[in-house]
Amino acid sequence: MRRNAVITGSTSGIGLAIAEAMAGEGMNITLNGFGDRDNIEQLRGRIASDHGVQVIYSAADVSKPDQIKGMLSESEHAFGQVDVLVNNAGIQHVASIEEFPPEKWDAILAINLTAAFHTTRQVIGGMKQRGWGRMINIASAHALVGSPNKSAYIAAKHGLIGLTRTVALEAATSGVTANAICPGYVRTALVEQQIQELAKTEGITEEEAARDIVLEPQPIRRFVETEEVAALAVFLCSDTAAAVTGAALPVDGGWTAQ
Ligand code: NAD
């Protein structure tokens, strides 16, 4: 029987690469996230036809618990059950704590952390009952170490590791695993925005900002590829990964080895 995967924030970047890779493994996919509806519909159709799986799309805003409920109901209605849950949707805002807008703090905590509580609490019971399930939280190197000017993001991502560990322990004897993947810098829309802002404030080119500032903490001195993150997510869904649970797994080019 096909596994069914829900991937939040999968209309671009890391989430999209995970959706593609999981479809490549024969899973049915529930896509989620924002973007141009025609582009998303094209994406949905292409992933389905490339991999011969079913793909549905939910426009749920994961900062809204009732919309999360709707997305998971749609997915269960389409595919019967959720076997794999990837909490990936995320946003960033960069500012010192004294200038950090409280509404940005609330939005980042809601999307990057609280959403994973609402999704997990709804699907974990069914996974445990069926004796198989995978929860994968896309955290960050910033779930393991701090950096200036990213208080909300870093607090949320550290919190996501705590949630992952707790769910892993609660589910430990049930065939359900919960893990966090901690990527270093990946050149997605989320990072592109930071590169552009840095270039502007520092009066340098975007390529200089990327090379000299963004990649400075990443010893491999290149961006991590979305496919490199997705490959680990696919491994975590395999039966041979059944003993990997409660882990925070860096894919960070050596960042947190320092
Ligand atoms: P991205 O901006 O390309 O993707 C973010 C996705 O989340 C998009 O599909 C967007 O539509 C969706 N999204 C945003 N707000 C949402 C909401 N309220 N409801 C539903 N969907 C929403 O960025 P990305 O880099 O691919 O980020 C994906 C995850 O990876 C995030 O959790 C991010 O924190 C994490 N991450 C990224 C990097 C990096 O360097 N890019 C590093 C570590 C961790």
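Residues numbered from 1 in each chain as written. Predicted model: local features only at pLDDT ≥ 70, side-chain atom pairs only at ≥ 80, totals over all residues. Heavy atoms only, no water.

## A short note on the site of the ligand
Test applied: By convention in this text, a residue qualifies as near a molecule or strand provided that one of its non-hydrogen atoms is within 4 Å of it. Polar contacts here mean pairs of N or O atoms no more than 3.5 Å apart (in protein, one a potential hydrogen donor and the other a potential acceptor; neighbouring residues in sequence count only if both atoms are side-chain atoms). Note on areas: these come from Shrake-Rupley sampling with a 1.4 Å probe, and a residue is covered only by the protein chains present in the view. Strands here mean DSSP runs of E at least two residues long; helices mean DSSP runs of H or I at least four residues long; both are numbered from the N terminus. Under the convention adopted here, Pro, Cys and the residues Ala, Val, Leu, Ile, Met, Phe, Trp and Tyr are nonpolar, Asp, Glu, Lys and Arg are charged, and Gly plus all remaining residues are polar.
In the region of the ligand, 30 residues are neighbours, and T11, N88, Y153, V186 and T188 sit closest. For the ligand, an oxygen atom lies 3.3 Å from a polar atom in the backbone of G9. The contact in question runs from an oxygen atom of the ligand to an N or O atom on the side chain of S12, over 2.8 Å. Protein chains bury 93% of the 830 Å² of accessible surface belonging to the ligand in isolation. Listing elements by their share of the shell around the ligand, those giving two or more residues are α1 (13–24), α5 (151–170) and α6 (189–202). Residue contributions to the shell around the ligand peak at three residues, all from α6. Classifying every residue of the shell around the ligand gives 16 nonpolar, 12 polar and two charged.

## Observations regarding the environment of G9
Under the convention used in this document: Relative accessibility thresholds used throughout: buried, under 20% of the residue-type maximum; exposed, over 50%; partly exposed, between the two (1.4 Å probe, protein chains only). Residue contacts are counted whenever heavy atoms from the two residues lie within 4.5 Å of one another.
On the secondary structure map, G9 appears in the loop between β1 (4–7) and α1. On the accessibility criterion, G9 (16% relative accessible area) is buried. G9 sits 37 residues away from R46 along the chain, and the two C-alpha atoms are 18 Å apart. Beyond its immediate sequence surroundings of up to four residues, G9 is in contact with G15, L16, N32, G33, N88 and A89.

## Quick look at the environment of I181
When you line up the elements, I181 lands in strand β6 (residues 176–183). Considering only alpha carbons, one finds I181 and I136, 45 residues apart in sequence, at a separation of 7.2 Å.

## Re the pattern of salt bridges
What counts here: The working definition used for a salt bridge is a side-chain nitrogen of Lys or Arg within 4 Å of a carboxyl oxygen of Asp or Glu.
A complete count under the given rule lists eight salt bridges for this structure. Among the ionic pairs, E41 bridges to R44, the shortest N-O distance being 2.8 Å. Of the two residues, E41 and R44 are both situated in helix α2 (residues 37–51); the distance of three residues between them amounts to about one turn of the helix. Judged by relative accessible area, R44 falls into the partly exposed class, the value being 23%. Among the salt bridges present, the one from R222 reaches E228, with a minimum N-O distance of 2.9 Å.

## Section: helix α8 (residues 226–236)
Of the residues making up α8, those classed as buried are T226, V229, A230, L232, A233, V234 and L236. Buried positions along α8 lie against α1, β5 (133–138), β6 and β7 (248–251).

## So, the sheet that holds β5
Backbone-to-backbone hydrogen bonds pair the strands of a sheet. The strands run either parallel or antiparallel. The condition that has to hold: Two strands are counted as paired when DSSP detects at least two bridges linking them. Interaxial angle, 0 to 180 degrees, is taken between N-to-C directions of lines fitted to C-alpha atoms, where a helix line uses only the stretch in contact.
The parallel open sheet is built from seven strands, whose spatial order is β3-β2-β1-β4-β5-β6-β7. The open sheet has two edge strands, β3 (55–58) and β7, and neither has a second partner. This sheet shows a mean twist of 20 degrees between the axes of neighbouring strands, independent of strand direction. Sheet analysis places strand β2 (residues 28–32) next to β3, joined by four bridges and oriented parallel. Across the sheet, N32 pairs through a bridge with S58, a residue of β3. The sheet strands contacting α1 are β1, β2, β4 (84–87), β5 and β6, and the helix crosses β1 at an angle near 175 degrees. Sitting on the sheet, helix α3 (residues 65–79) is in contact with β1, β2 and β3, with an inclination near 160 degrees to β3.

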